[in-house]
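Examining the three-dimensional arrangement
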Amino acid sequence: MELNQRQEKILKIVKQHGPITGSKIAEQLSLTRATLRPDLAILTMSGYLDARPRVGYFYTGKESEEVMTSKIRNILVSEVQSVPILIKEDTSIYEAVVKMFLEDVGTLYAIDNNKALAGVISRKDLLRGTMGGNDIEKTPVSVIMTRKPNITICYPNDLLIYAANQLIEKQIDSLPVVEERDGIDQVIGRVTKTTITRVFVNLME
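Let us look at the structure shown here.

Reading the values: rules and limits
Position numbers for residues count from 1 along each chain, tracking the sequence in the order it is written. For a predicted model such as this one, the threshold for reporting local features is a pLDDT of at least 70, and the threshold for listing and counting side-chain atom pairs is 80 or more; totals across whole chains, interfaces and linings nevertheless cover every residue. The basis for every side-chain value is the complete set of non-hydrogen atoms in the structure, without hydrogens or water. Whether two strands pair comes down to DSSP finding at least two bridges between them. The secondary structure listing takes helices from DSSP runs of H or I that are at least 4 residues long and strands from runs of E that are at least 2 residues long, numbered from the N terminus. Residue contacts follow a heavy-atom distance rule, with two residues in contact if any of their heavy atoms lie within 4.5 Å. Whenever a helix is involved, its axis is fitted only over the stretch in contact; in every case the axis is a line through C-alpha atoms, and angles between N-to-C directions fall within 0 to 180 degrees. Accessible area is worked out with a 1.4 Å probe on protein chains only. A residue is then buried under 20% of its type maximum, exposed over 50%, and partly exposed in between. What the arc measures is the spread of directions leading from the helix axis to the C-beta atoms.

Okay, the sheet that holds strand β4 (residues 107-111) next. Pairing in this open sheet of 4 strands is mixed, and the strands run β3-β4-β5-β6 from one edge to the other. Sheet topology places β3 (86-88) and β6 (146-147) at the edges, where each strand pairs with a single neighbour. As paired strands, β3 and β4 are joined by 3 bridges and run parallel to one another. What sits directly across from lysine 88, in β4, is isoleucine 111. Sheet strands in contact with helix α6 (residues 93-103) are β3, β4 and β5 (117-122), and its direction is about 130 degrees off that of β4. Across the sheet, helix α7 (residues 123-131) lies against β5 and β6, angled at about 80 degrees from β5, the strand it touches most.

See the structure below:
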């Protein structure tokens, strides 16, 4: 995060004189306490400053890179997961191709009659299915999908950095986010490479 000129001045004052009250900071800048309130809130929420009642603001010692790293390491999958695109495991390869095209996604998740995760279908799986001499309007995706235990999953309370590492290590584009309900793994979300990229861009902005 890039600080504005006033926020840089506040940070410098707190580094030199902290702990220091908001009123004292305002006095040194010849501004009102109310004018500084948004800047102090941003600096505190961003991790540059900390505040204690009746003591004032003090510098945490963190530079921008450390603040960014700290934020990234504490993001949970549940905070950024997107809606999963689900199909039944008896869906035809043709229907799956159409679904993937219409939803503009790279991975579909197949579920069984109990709504439990049954398989994962990637673009490569569908390409292989259409080139294998199958009648794609009659052949179900269950024939070509990746099944357990070869499916890599994550949970809502997993750290996003863990999910990102799984995407890299397994060389896959997407992870289903699952939650155990009534003894079965139900898909409640997805984490993709686009998800990771979006998080980094938002933090940088």
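More follows now that the structure is in view.
Attention shifts here to α7. When we look at burial in α7, the residues that qualify are Asp125, Leu126 and Gly129. Burial along α7 is one-sided: seen end-on, the buried residues are contained in an arc of 95 degrees. For α7, the exposed residues set more than 90 degrees away from the buried face come down to Arg123, Lys124 and Met131. Among the structural elements, α6, β5 and β6 are those in contact with the buried residues of α7. Glycine 133 sits one or two positions beyond α7 and adopts a positive phi of about 80 degrees.

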